[in-house]
Every structure is written in C-alpha cells, then in structure tokens.
2 protein chains.
Amino acid sequence: MTDDLRVLVERLKAVSHPLRLRVLALLEAGELCVCQIAETLEVPQSSVSEALKELRRAGFVVERKEGRWVFVSVVPKKQATPLLKGLLAEAGTLLDIQQDRVRAREVKDLAIQVVCSKVQKAPSANREAVRA
Amino acid sequence: MTDDLRVLVERLKAVSHPLRLRVLALLEAGELCVCQIAETLEVPQSSVSEALKELRRAGFVVERKEGRWVFVSVVPKKQATPLLKGLLAEAGTLLDIQQDRVRAREVKDLAIQVVCSKVQKAPSANREAVRA
DNA sequence: TTTGTTTTTCGATATTTTCCGATATATACT
DNA sequence: AGTATATATCGGAAAATATCGAAAAACAAA
C-alpha cells in the first residue's frame, strides 16, 4: 500500500468517530476554543483535545493560539478537498449537528473564562451544563 | 447520539479501510463479480466478501445476481450522496487506485470461469496471479 | 439427488481503538 | 519566584475491529 492510500484512509478514520465528526461539523459554524467545544458537546476536555489532534493530523482543522486559549477552525474553503466538502454537506443535514450548533451559540454568549474554568472542574459525563 | 449521526459514522467507517476503499473505488470503473475483485486486488475471496458486506450495509454499492455470480457496482449516480461523490473524486486521484483499475481491465479480458476457479484454489496472500 | 462452483459466514486470534482520570506542560498574571 | 488557568499527554483496561482458513450455504447443471 502506498502512502497516498494510507493517508486517505487515515483521513477517513479521523472522521469515523462520533465525537470527532461532531467537532468538525461544529467548527464549520465558526472557530471555537477547546473548552468551548468541551462545554458545547458536554464531554471531558481531554477527549476534545485528543479529537482535535486527530482532526489536525488529518488536515481538516487548523489552530490559532490566543493567550492561553487555542482556537480551532476548519481549514479555509480554498484548501478543502472534495471529501471534506462532501462530508460537511452531509453532516450539516443531521439533527444532532444542528443542535450542537445551537448550543454553541449559547456557549459563545457566555464569558469564555467562566466556560473554561467550569469545564476544567467538571467530572466528565452527565455533568451539568454551565448555564444550568 | 441519534440514529442519523450513528449511520453517517458507520458509513465513514465502512470506507476507512484500505481494502474496502480500494474495492469501492475499483467499482467506479464498472461492475465486477466477487472473484474478479479478489483476483484484481490479490486478496482472499472471503476478505472481499466481507468488505462488500460492509459497503452494502453503508449503501455505497448494490449487487446483481447472474447465475452463480454476484456482480457488484457503485450505487447509481443519482443516489450518490455528497460524501460518496467527494470520496470517489479524491480516491480516483490515487496511484494505487489507478493501478487497480488497470489490473481490473486485464482480469476482465479473461474468461470469468477461469478467474473464479483460480481464485477459489489460491492460498491467499502472495499467491500467483491468474495471468502468471 | 449428487456434484461442482461461487459466495457467505464462522471461529479464533491478533491488533487497534476508545475512553477518561490523573498528570504534565504551557502560558499569564502578581 | 509563585499561583492560576488552559491545553496536551499519559496509562492502561475495556471494547471494537481485522484477518483469513475452514466450514456452511446458495445455486446451477447433470
């Protein structure tokens, strides 16, 4: 197997995962920092960090550092491959994804420091949302 | 997680695999029967069968029975989702895939019975090709 | 029904992936 | 320097997936 094929398979694996797919689709609506993603999707911060590592490796997202925060976004449209475009088109139709985006807007309306510090303390699954 | 998201993830998993991706891309060039695929890609016939099961489950390919043979092809273009289109566009640029297609043409030029019976006896990996 | 041929399923093992708490690293502020 | 905060990495057990020979099933022809 040549590298080309291996790379494409790795890229597909990167999005063959509920959390990673949700993160990628979420970012289509605009950049977010790690803790905003964790809060939006209600998953541990370490899981988001690992999901982002894969998405970065696969070339689907890029990051931008601002102070202690890392803001992540989908690669610019110019650089988007046919696969990424098709994938985002398809993911965007899903109810889950649309709901995630609604929730992201709510999280964005909160002060980022509040969101992040809450996420850091939160005991993972089934934890209460910031707004609650 | 709702069904929609789960289904899309399953579809992505189906193609996140070298053999399954090669099979799908190979079929874009036209339908083939199971043993022709096995011979073209030089893998055990049972592996091809299992790969096709996944691709069928994911809705990427359909089958047509003709006598004892099962011919498989990519779903009609009309039914192709954005994801499938993008994926095939991207896969088609890979050298491996193009080479597979060349080899498929050679296999198609042989009598199908010869190909199938050879495949059946062949002891899997590193076996000699029919043409040899 | 018996035989031969193609495809699917099974079995068993090996490998990979997932998951998340705990810990480490990095950066900012005093 | 020390403290606080955000993110990354680690550990390692559980779950999922891959692999392919062998056996079963589906089907045609005799």
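For the structure, check the block above.
Residues numbered from 1 in each chain as written. Chains lettered and ligands numbered in written order. Predicted model: local features only at pLDDT ≥ 70, side-chain atom pairs only at ≥ 80, totals over all residues. Heavy atoms only, no water.

**Considerations on the relation of the copies chain A and chain B**
Okay, so step 1: After a rotation of 180° and a shift along the axis of 0.0 Å, chain A superposes on chain B with an RMSD of 0.0 Å. A rotation of that kind, with that shift, is consistent with a two-fold axis. If distances are taken from each C-alpha of chain A to the rotation axis, the shortest is found for G86 of chain A, at 2.6 Å. (Least-squares fit on C-alpha atoms with pLDDT ≥ 70 in both.)

**Description of the sheet that holds strand 1 (residues 32–33) of chain A**
All names here are of chain A.
Okay, so step 1: Ordered by their spatial adjacency, 3 strands build an open sheet running 1-3-2, and the pairing between neighbours is antiparallel. With partners counted over all chains shown, the strands left at the sheet margins are strand 1 and strand 2 (61–66), one partner each.
Okay, so step 2: Judged from the 6 bridges that link them, strand 2 and strand 3 (residues 69–74) form a sheet pairing that is antiparallel. Bridged to E63 within strand 3 is V72.
Okay, so step 3: Relative to strand 3, helix 7 (residues 112–121) is tilted by about 100°, and along the sheet it contacts strand 1 and strand 3. (Pairing = 2+ DSSP bridges. Helix = DSSP H or I, 4+ residues; strand = E, 2+ residues; numbered from the N terminus. Contact = heavy atoms within 4.5 Å. Axes fitted to C-alpha atoms, helices over the stretch in contact; angles between N-to-C directions.)

**Description of the sheet that holds strand 2 (residues 61–66) of chain B**
Residue and element names in this part refer to chain B.
Okay, so step 1: Strand order in the open sheet made by the 3 strands is 1-3-2, with antiparallel pairing throughout. Only two strands of the sheet have a single partner each, and these edge strands are strand 1 (32–33) and strand 2.
Okay, so step 2: One ladder, built from 2 bridges, connects strand 1 with strand 3 (residues 69–74); its direction is antiparallel. By the bridge assignment, L32 is partnered in strand 3 with V72.
Okay, so step 3: Running over the sheet, helix 2 (residues 18–27) touches strand 1, strand 2 and strand 3 and is turned about 85° from strand 3.

**Thoughts on the environment of R101 of chain A**
Residues and elements named next belong to chain A.
Okay, so step 1: In this structure, R101 sits in helix 6 (residues 95–108).
Okay, so step 2: A relative accessible area of 17% means that R101 is categorised as buried.
Okay, so step 3: For the pair formed by R101 and V119, sequence separation is 18 residues and the distance between their alpha carbons is 18 Å.
Okay, so step 4: Contact partners of R101, with chain neighbours within four places excluded, come to A25, L26, E28, A29 and G92.
Okay, so step 5: Within the local environment of R101, its side chain forms a polar contact with the side chain of E28, the two groups lying 2.9 Å apart. (Buried < 20%, exposed > 50% of the residue type's maximum accessible area, 1.4 Å probe, protein only. Polar contact = N/O pair within 3.5 Å; in protein donor to acceptor, adjacent residues only side chain to side chain.)

**So, the side chain of S16 of chain B**
Okay, so step 1: Tracing the sequence through the fold places S16 of chain B in the loop between helix 1 (3–15) and helix 2.
Okay, so step 2: Among the polar contacts listed, one links the side chain of S16 of chain B to the side chain of S16 of chain A, at a separation of 2.6 Å.
Okay, so step 3: When near neighbours in sequence (up to four residues on either side) are disregarded, S16 of chain B contacts V9, L12, K13 and S16 of chain A.

**Some points on unusual backbone geometry**
Residues and elements named next belong to chain A.
Okay, so step 1: A positive phi is found at E42, a non-glycine position, where the angle reads about 55°.
Okay, so step 2: Examined against the element boundaries, E42 turns out to sit in the loop between helix 3 (34–41) and helix 4 (45–57).
Okay, so step 3: Note on E42: relative accessible area 36%, which makes it partly exposed.

**Some details on the interface of chain A and chain B**
Okay, so step 1: The interface of chain A with chain B comprises 26 residues on the first partner and 26 residues on the second.
Okay, so step 2: Around 2300 Å² of area is buried between chain A and chain B when both sides are counted, 74% of it from carbon and sulfur atoms.
Okay, so step 3: In this structure, the connection of chain A to chain B is made through 2 salt bridges.
Okay, so step 4: A salt bridge links R11 of chain A to E90 of chain B; its shortest N-O distance comes to 2.8 Å.
Okay, so step 5: In this assembly, chain A and chain B are joined by 12 residue pairs in polar contact (both at pLDDT 80 or more).
Okay, so step 6: Elements represented by at least two residues in the side of chain A that touches chain B include exactly helix 1 (3–15), helix 2 (18–27), helix 5 (82–91) and helix 6 of chain A.
Okay, so step 7: With 8 residues, helix 1 of chain A is the single largest residue contributor to the side of chain A that touches chain B.
Okay, so step 8: Taken together, the residues of the side of chain A that touches chain B sort by class into 15 nonpolar, 5 polar and 6 charged. (Buried area = accessible area lost by both parts, 1.4 Å probe. Salt bridge = Lys/Arg side-chain N within 4 Å of Asp/Glu carboxyl O. Nonpolar A, V, L, I, M, F, W, Y, C, P; charged D, E, K, R; others polar.)

**As for the state of the cysteines**
Okay, so step 1: Enumeration over the complete set of coordinates arrives at 2 disulfides over all chains.
Okay, so step 2: Disulfide pairing is shown between C35 of chain B and C116 of chain B; the S-S distance is 1.8 Å. Across the disulfide from C35 of chain B to C116 of chain B, rotation about the S-S bond amounts to roughly -55°, and the bridge is consequently left-handed. Here the residue C35 of chain B occupies a position in helix 3 (residues 34–41), and C116 of chain B occupies one in helix 7 (residues 112–121), the gap between them amounting to 81 residues.
Okay, so step 3: Judged by relative accessible area, which is 13%, C116 of chain B ranks as buried.
Okay, so step 4: Counting only cysteine sulfurs, C35 of chain A is the nearest neighbor of C33 of chain A, a cysteine outside any disulfide, at a range of 3.2 Å.
Okay, so step 5: Judged by its relative accessible area of 1%, C33 of chain A falls in the buried class. (Disulfide = S-S within 2.5 Å.)

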